[in-house]
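Coordinate analysis (summary)
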Amino acid sequence: MREELMKILEELRPDVEFEKEKKLIDDGILDSFDIVTLVGDLNDTFDIDINVEDLQPENFNCVDNMLVLIEKLQDEE
Amino acid sequence: MAFVSMKFLFFLLVVCGGYFIMPAKLKWVWLLICSYTFYLLNDARAVAFIIFTTVITYITGRILGKINRNQKTYLKENKTVLSREEKKCFKAKNITKKKWTLFTAILANLGLLVFLKYFNFFAGNINAVLSNLSLQMEVPILNLMLPLGISFYTLQALGYLIDVYRDKYEPDRNLAKFALFLSFFPQIVQGPIARYNQLAHQLYEAHKFEYKRVAFGAQLILWGFMKKLIIADRLAPFVDEIFNNYVNYQGITLFLGALAYGFQVYTDFSGGMDIARGAAQILGIDVAVNFERPYFARSISEFWRRWHITLGSWMKDYVFYPLALSKGFNKLGKRARNIFGNYIGKILPTFLSMFIVFLLVGVWHGSSWKYVAYGIWNGVFISGSILLEPVYEKIIAKLKINTKCFSWGFFQAIRTIFLCSIGRFFSRGVSCMAALRMIKHTFTVFNPWVLTDYSFYELGINERNMIVLVAMGLVLLVVGIMQERGIHIREKIAEQNLYFRWLVYLGALAVLLIFGVYGNGLASTVFIYQQF
């Protein structure tokens, strides 16, 4: 799952070192356009349904938190 | 009672004095009394509207909170009994219930705002259509009032409701406390549009007197007064002359009118925000930052991230994301993907959502076609700049332009100021047609000599005013550069020795008293955003 997520992120923003960044949202590294594209890709790839309610900065600030969110939503499906 | 008046300063003194001597438990009650007093002194007739919004929002918040709590308790208690499908079904039922509850409250709050703000606009347009069709019917034009701050506190209330709907936090249990959240006097006139989880707890907590905070707050108020009285009100006669008599002017004169209006509205609005933030800071309350030096922005989209930040962030969280991630837009994207290919399919929902946001931001400013045009103008430019970004990058690479140097950043900032100034024709023009005419006459007449023949001195700004504006503009620029570099100016001044510190404070006060533009009884004109 991690590899797939990393592939999506690197395609989205090749200029960002995602493994190192811990404040992707708080520091404004990912903007709202990136977020919408990312959510679309995550929904398609992992067969989940990320809602507006899930768009909390803590869910997208780093790769680990994104994985936690994906796993949580997959469990709920 | 205008923000920029001796009356307000006296009011603030009473509020702060009372707040600090009040027992801790009653401090929030004092703030509520003062906030409603401020509202009554400003717009007594409209107090019923803010009470209506407060009560509706409070009750709906409690209902939504109850549904959220019941859901959590039920699912917890029946965790082992319910199947996955049953849980899903229960959640879906609750969501429907919540949606209807939220929808009713939004309809009541937003319906009131839309009715008061836009009814006559719709009626006027319908009447124009009926008249063109030679029909003997007419929608009556009503004598409607626009309550003070309704465009701001309605959005604040809706944000709170949507957050409770999303179970971001528990609803407020105390109606009086919640009434304070919606009516807090420093931000009732023109925002910032606060978030409940950032502001409410600060209002309810008791803050003690702290010299540094009081001094910093007072300095921020002084700075706000300087922006408003020395720059904004000094530019006003020139801007009014150009825009109200636009048929008499052309070429660069018109452009300078739009440019001046940009700086007028910036110093007016951000000055008002400084006064609001300063007043709150004295009381120990940090309200949201609404401006981050927008005229240093390198693109229009960055400009909007620095300008009226709380409105932009409200639109992003409560309009942009819900639209862009909605099932309807998702389907639209998939259809577009099949017809126009992957790239368009992917970006279409995002662009459409963004376009709607800018249209709403435009229309939020007022009920006129010029604001629709203003929204479209900004939407088109931002969409265009994002869509064409790969093309720009190719051109930059081909021409081997160094984008890391000062000159490139300077060029980008000037370009942004130029494009924003053109947009100002719509927001300040007397009508949409007037704005279009002004744009046409700006670009079809070449008259650079007006910059050197002193003809400006007959348009509301004499030589003395020009010198004051240039000097104050430079002060603003230096302060802006320091802030961009992360220098905390008030902290820096506080580090200096007593004599120098007081020299700065008294110097600023003297500059304000000598160079401020005052009407009768030291009163100023109303804030531009107060009317939105």
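Residues numbered from 1 in each chain as written. Chains lettered and ligands numbered in written order. Predicted model: local features only at pLDDT ≥ 70, side-chain atom pairs only at ≥ 80, totals over all residues.

Observations concerning the overall build of chain B
We count it as follows: Strands here are runs of E lasting at least two residues and helices are runs of H or I lasting at least four, both read from the DSSP assignment and numbered beginning at the N terminus. Put simply, the radius of gyration uses C-alpha atoms, and a globule should come to 2.2 Å times the residue count raised to 0.38. Between the buried cut of 20 or more and the exposed cut of 12 or fewer other C-beta atoms within 10 Å of a residue's own C-beta lies the partly exposed class, and all C-beta atoms are placed from the backbone. Two residues form a contact once the distance between their C-beta atoms, set from the backbone, is within 7 Å.
Looking only at helices and strands, one finds 20 helices and zero strands in chain B. Against the globule reference of 24 Å for 532 residues, chain B gives a C-alpha radius of gyration of 26 Å, in line with a compact fold. Projected onto the principal axes, the alpha-carbon positions of chain B cover approximately 85 × 70 × 65 Å. By residue count, 35% of the 532 residues in chain B fall in the buried class. Taking as baseline every contact in chain B between residues at least 6 positions apart, the subset at least 24 positions apart corresponds to 76%.

As for helix H2 (residues 27-43) of chain B
Residue and element names in this part refer to chain B. So the rule is basically this: One less than the residue count of a helix, multiplied by 1.5 Å, gives the span that helix is expected to have.
Helix length check: H2, at 17 residues, gives a terminal C-alpha distance of 24 Å against a target of 24 Å (1.5 Å per residue), a fit within 8%. Restricting attention to buried positions, one finds in H2 the residues Lys-27, Trp-28, Leu-31, Leu-32, Cys-34, Ser-35, Phe-38, Tyr-39 and Asn-42. Buried residues in H2 make contact with helix H1 (6-21), helix H3 (47-77), helix H6 (175-183) and helix H7 (196-204).

Section: H3 of chain B
All names here are of chain B. The terminal C-alpha atoms of H3, which comprises 31 residues, lie 45 Å apart, in line with the 45 Å expected from a rise of 1.5 Å per residue. Inspection of H3 places Phe-49, Ile-50, Thr-53, Thr-54, Thr-57, Tyr-58, Thr-60, Gly-61 and Leu-64 among the buried residues, and these make up the whole buried set. The inward-facing, buried residues of H3 abut H2, helix H4 (84-132), helix H5 (150-165) and H6.

Description of the packing of helix H12 (residues 327-340) of chain B against helix H13 (residues 342-364) of chain B
Residue and element names in this part refer to chain B. Just so we agree on the cut-off: Think of each axis as a best-fit line through the C-alpha atoms, taken over the contacting stretch in the case of a helix, with angles from 0 to 180 degrees between the N-to-C directions. Whether a crossing is left-handed or right-handed is set by the direction in which the near helix is turned from the far one by less than a right angle, anticlockwise for left-handed and clockwise for right-handed. In the scheme used here, Gly and all other residues not listed as nonpolar or charged are polar, with Ala, Val, Leu, Ile, Met, Phe, Trp, Tyr, Cys and Pro taken as nonpolar and Asp, Glu, Lys and Arg as charged.
Remark: H12 packs on H13, axes separated minimally by 7 Å, with the N-to-C direction vectors making an angle of 145°. As for how H12 packs across H13, the hand of that crossing is right-handed. Taking contact as the criterion, the partners of Phe-329, Asn-330, Leu-332, Gly-333, Lys-334, Ala-336, Arg-337 and Phe-340 in H12 are, on H13, Asn-342, Ile-344, Gly-345, Lys-346, Leu-348, Pro-349, Leu-352 and Ser-353. Grouping the constituent residues of the contact of H12 with H13 by class yields eight nonpolar, five polar and three charged.

Overview of the packing of H13 of chain B against helix H14 (residues 369-387) of chain B
Residue and element names in this part refer to chain B. One can describe the packing of H13 onto H14 by two numbers: an axis separation of 7 Å at closest approach and a directional angle of 145°. In this structure, H13 meets H14 at a crossing whose hand is right-handed. Residue-level contacts link Phe-351, Met-354, Phe-355, Phe-358, Leu-359, Val-361, Gly-362 and Val-363 of H13 to Tyr-371, Val-372, Tyr-374, Gly-375, Ile-376, Asn-378, Gly-379, Ile-382 and Ser-383 of H14. Looking at the contact of H13 with H14, its residues break down into twelve nonpolar, five polar and no charged.

Structural notes on the domain arrangement of chain B
All names here are of chain B. Heads up, the rule is: Where a domain begins and ends is set by an automatic assignment or by a domain database.
You can read the domains of chain B as domain 1 (32-206), domain 2 (210-291 + 429-532) and domain 3 (303-411). Opposite the nine residues of domain 2 that make contact, domain 3 presents ten residues. Considering only residue class, the side of domain 2 that touches domain 3 consists of six nonpolar, three polar and no charged.

Quick look at the interface of chain B and chain A
Contact with chain B, which involves nine residues of that partner, is made by nine residues of chain A. Per element, the largest residue contribution to the side of chain B that touches chain A is five residues, and it comes from helix H11 (residues 309-324) of chain B. A class-by-class count of the residues in the side of chain B that touches chain A yields five nonpolar, one polar and three charged.

A short note on unusual backbone geometry
All names here are of chain B. In the segment running from Gly-191 into Pro-192, the intervening peptide bond is cis, with an omega of 5°. Tracing the backbone shows Pro-192 in the loop between H6 and H7. For Arg-293, which is not glycine, the phi dihedral falls at a positive 45°. You can see Arg-293 is positioned in the loop between helix H9 (252-282) and helix H10 (300-306). Accessibility expressed as a C-beta count within 10 Å gives 17 for Arg-293, which makes it partly exposed.

Some words on the nonpolar core
Residues and elements named next belong to chain B. The following threshold applies: By definition, a nonpolar core groups buried Ala, Val, Leu, Ile, Met, Phe, Trp, Tyr and Cys residues that are joined through C-beta atoms within 7 Å.
The biggest cluster of nonpolar side chains holds 129 residues, and the ones touching the most others in it are Leu-31, Leu-161, Leu-180, Phe-181, Ile-188, Leu-203 and Ile-242. Considering each element in turn, this core owes the most residues, 16 residues, to H9. Contacts of Phe-181, omitting those with residues within four sequence positions, involve Tyr-196, Leu-199, Ala-200 and Leu-203.

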